[in-house]
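Structural features, examined
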Amino acid sequence: VPSGYKIKAGGDIYIDGLVENAVLTSGGSIVIGGGVTGMGHGVLEAGADVQAAYLNQASVKAGADVLVSSSILHSQILSGGRVVCKKGHIIGGKVEAHKGVETNDIGNLHYTRTLICIGDFQRAADREAEIHREMDILGNSLSKLKVVCHKLNMKKESEEGLSVKEKVIYGK
């Protein structure tokens, strides 16, 4: 599949040869007999498995497993299942797998940054961000309530005293 092509299928996609900088979207599996040379822009999105001989500078999102017979190089992988690259290496990029990663090697002698994440980190990160937003909102509300309470206390202790409405608010 040459650079620039886009293929979208409701079912499985089978490619006998190579995939360059192309976009493949499948409701089922994507099976590539050769490999993927994504040049940093090639995208594979599958509702089920993604299978290829190698992945080089590709972005892969699979609902299930990512199965690679050779190597994963400088790619972004997100798997709802496992990432399996038993005979090859994972060098550079980021691999996120919900159920685990099986490979011969991770990284290289040149200290190429290679991130491996196992578990559902994105959901946890999203939840953490949501909690921080809620804490900020509650912190702002608490600060405003402290100011109101302080003003009511000052007014209560003054000669003027609290109005009926202020007494109701102060009682809460």
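Notes on the structure in this doc start here. Just so you know, these numbers come straight off a predicted model, no measurement behind them.

Mapping G28 onto the fold places it in the loop between strand 3 (23–26) and strand 4 (30–32). For the pair G28 and A62, spaced 34 residues apart in sequence, the C-alpha to C-alpha distance is 9.4 Å. With near-sequence residues (within four places) excluded, G28 lies in contact with G10, G11, D12, A46, G47, A48 and D49.

Summarising the sheet, strand 8 (residues 66–68) and strand 10 (residues 82–97) pair through 2 bridges and their orientation is parallel. Bridging from a neighbouring strand, L67 pairs with V84 of strand 10. Inspection of the sheet shows strand 9 (residues 72–79) paired to strand 10 by 7 bridges, in the parallel sense. Paired with L73 across the strands is I91, a residue of strand 10. Taken together, the 6 bridges between strand 10 and strand 11 (residues 100–106) define a ladder with parallel strand orientation. The residue of strand 11 that forms the bridge with C85 is T103. Of the pairings in the sheet, the one linking strand 10 to strand 12 (residues 114–118) comprises 5 bridges and is parallel in character. Counted as the bridge partner of G93 is T114 from strand 12.

About the thresholds
- Residues numbered from 1 in each chain as written.
- Predicted model: local features only at pLDDT ≥ 70, side-chain atom pairs only at ≥ 80, totals over all residues.
- Heavy atoms only, no water.
- Helix = DSSP H or I, 4+ residues; strand = E, 2+ residues; numbered from the N terminus.
- Contact = heavy atoms within 4.5 Å.
- Pairing = 2+ DSSP bridges.

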